[in-house]
Amino acid sequence: MSAVVSKVSRSQAAQSRIVDSSTILGALPVPIMLLEADNRFRYVNNAAEQFLGISAASLAQFRMEDLVPPDNPLFLLIEQVRSTEATIIDHDLNLESPRLHKRGITVQGTALPEEPGSVLLVMQDASAARALDRQLAFRGAARSVSGMAAILAHEIKNPLSGIRGAAQLLETSVGAADKELAELIRDEADRIRALVDRMDAFGEKPIARTAVNIHRVLEHVRKLAQSGFAAHIKFQELYDPSLPPVWANRDQLIQVVLNLVKNAAEAVTQENIHRPEIILATGFQHGMRVAVPGTASRLDLPLFVSVRDNGPGIPEDIKPHLFEPFVTSKSTGSGLGLALVAKIMGDHGGLIEVDSRPGRTEFRLHLPVVTEKDGDQ
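What comes next concerns the included structure. (Residues numbered from 1 in each chain as written. Predicted model: local features only at pLDDT ≥ 70, side-chain atom pairs only at ≥ 80, totals over all residues. Heavy atoms only, no water.)

Following both chains from N to C, one finds helix α9 (residues 214-226) and helix α10 (residues 250-270) inclined at 50°, their axes separated by 9 Å at the closest point. When the interaxial angle is binned, α9 and α10 end up oblique. The two elements α9 and α10 meet at a crossing, and its hand is right-handed. For the pair α9 and α10, the contacting residues are Ile-214, Val-217, Leu-218, His-220, Val-221, Leu-224 and Ala-225 in the first and Arg-250, Leu-253, Ile-254, Val-257, Leu-258 and Val-261 in the second. Its residues placed into classes, the contact of α9 with α10 shows 11 nonpolar, 1 polar and 1 charged. (Axes fitted to C-alpha atoms, helices over the stretch in contact; angles between N-to-C directions. Helix = DSSP H or I, 4+ residues; strand = E, 2+ residues; numbered from the N terminus. Parallel < 35°, antiparallel > 145°, perpendicular 65-115°, else oblique. Left-handed = near helix turned anticlockwise from the far one by under 90°. Contact = heavy atoms within 4.5 Å. Nonpolar A, V, L, I, M, F, W, Y, C, P; charged D, E, K, R; others polar.)

This brings us to the sheet that holds strand β5 (residues 119-125). An order of β2-β1-β5-β4-β3 is seen for the 5 strands of this open sheet, with the pairing classed as antiparallel. For this open sheet the edge positions go to β2 (41-44) and β3 (88-96), each flanked by a neighbour on one side alone. Along the sheet, successive strands turn relative to each other by an average axial angle of 30°, direction set aside. Bridging between strand β4 (residues 101-111) and β5 involves 7 bridges; their strand directions are antiparallel. Each bridged residue has a counterpart across the sheet, and for Thr-110 the counterpart in β5 is Leu-120. Contacting β1 (32-35), β3, β4 and β5, helix α5 (residues 73-84) crosses the sheet at an angle of about 150° to β3. (Pairing = 2+ DSSP bridges.)

Glancing now at the packing of aromatic side chains. The full count for this structure, using the stated rule, is 0 aromatic pairs. The aromatic ring of Phe-304 is capped on one face by Arg-364, whose charged end is 3.9 Å from the ring centroid. (Phe/Tyr/Trp six-rings, centres within 6.5 Å; stacked < 30°, edge-to-face > 60°. Lys NZ or Arg CZ within 6 Å of the ring centre and 35° of its normal.)

Let us now look at unusual backbone geometry. The phi torsion of most residues other than glycine is negative, and most of the peptide bonds are trans. Phi angles above zero are rare outside glycine, and Asn-39 is one such case at about 65°. Within the element layout of this structure, Asn-39 appears in the loop between β1 and β2. Positive phi, normally seen in glycine, also occurs at Asp-92, with a value near 60°. You can see Asp-92 is positioned in strand β3. When its relative accessible area of 55% is taken as the criterion, Asp-92 is described as exposed. (Buried < 20%, exposed > 50% of the residue type's maximum accessible area, 1.4 Å probe, protein only.)

What follows concerns the packing of α10 against helix α11 (residues 337-347). Running from N to C, α10 and α11 cross one another at 145°; their axes reach a closest spacing of 10 Å. Between α10 and α11 lies a crossing of left-handed hand. Touching Gln-252, Gln-255, Val-256, Asn-259, Leu-260 and Asn-263 of α10 are Gly-337, Leu-338, Leu-340, Val-341 and Ile-344, all from α11. The residue makeup of the contact of α10 with α11, split by class, is 6 nonpolar, 5 polar and no charged.

Written as structure tokens, this is what we have:
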């Protein structure tokens, strides 16, 4: 008899430990939303609140049409789920509106037989994974540039030195008309050498890393910018003072951020923005991890740095190739700046993401922080 009672008590104890389904859904890291027959929000989990940027209490007063235009393909998916009562998945959806800006979203819709007309939506943002894939491709392109740079350094620099020296000698021995041509040869030789030197930065050299205060890097770049090319631009700083140091090369980080700030300044200047502004921000983002190529380990990238401007945005035809060498929308640009940014971030094990639309362009850097292992090196 006691054995039966003991078995029953263990069963009751097990049942008492069953977690409520809403608790499980709330803990899931992907946005989950339950829509009623009129597309009103009936339930959202914590991830959906963060995804939509609206609290669950507020969303209870909204319909999906209040957040997304009614001609969005999302509503076609919802209607197909209702009419077929089947699970339907659509990839690379853009949810664009004044309230919401999400691109490249995968949406899965499922009907609930117990709730006629209701649709359960699960959304996944794969932008970070796509950004990593693109960055790995950009690193491959950067390596091809480094090989080209090595060839150029060997095959061009030495002849250029001879050409420049000959031009200098000609300047002292020719007439005024020919002297101008000799100066042109010298200047062009210097320009080509400068381009080769820029490409030399793509070389595969080991980098020396230390613990770096990212806010001192940003402050240094801001002072450089405001004392020169961005003197007319308002800067706003949104920093998290509690962030730990990053494991990086300080000079290379300055080069990365300075390049991004310079691009932002040029964007708002060329379009004559009425109130040009650049926002520098930092923060901590949990759960950002990437695999280290060639190993089984994964690298945590919890710290992010954001450079945002209110310029016209990146042209659509440039976006897919933004970090490739020699791709630029500037009439005087070489297209090596952002390619070098991608390479430096790759060398640090970091990740760079871009979000651009008219009136708002943001470059976000994800960086590793100092660990005990790093401190022992």
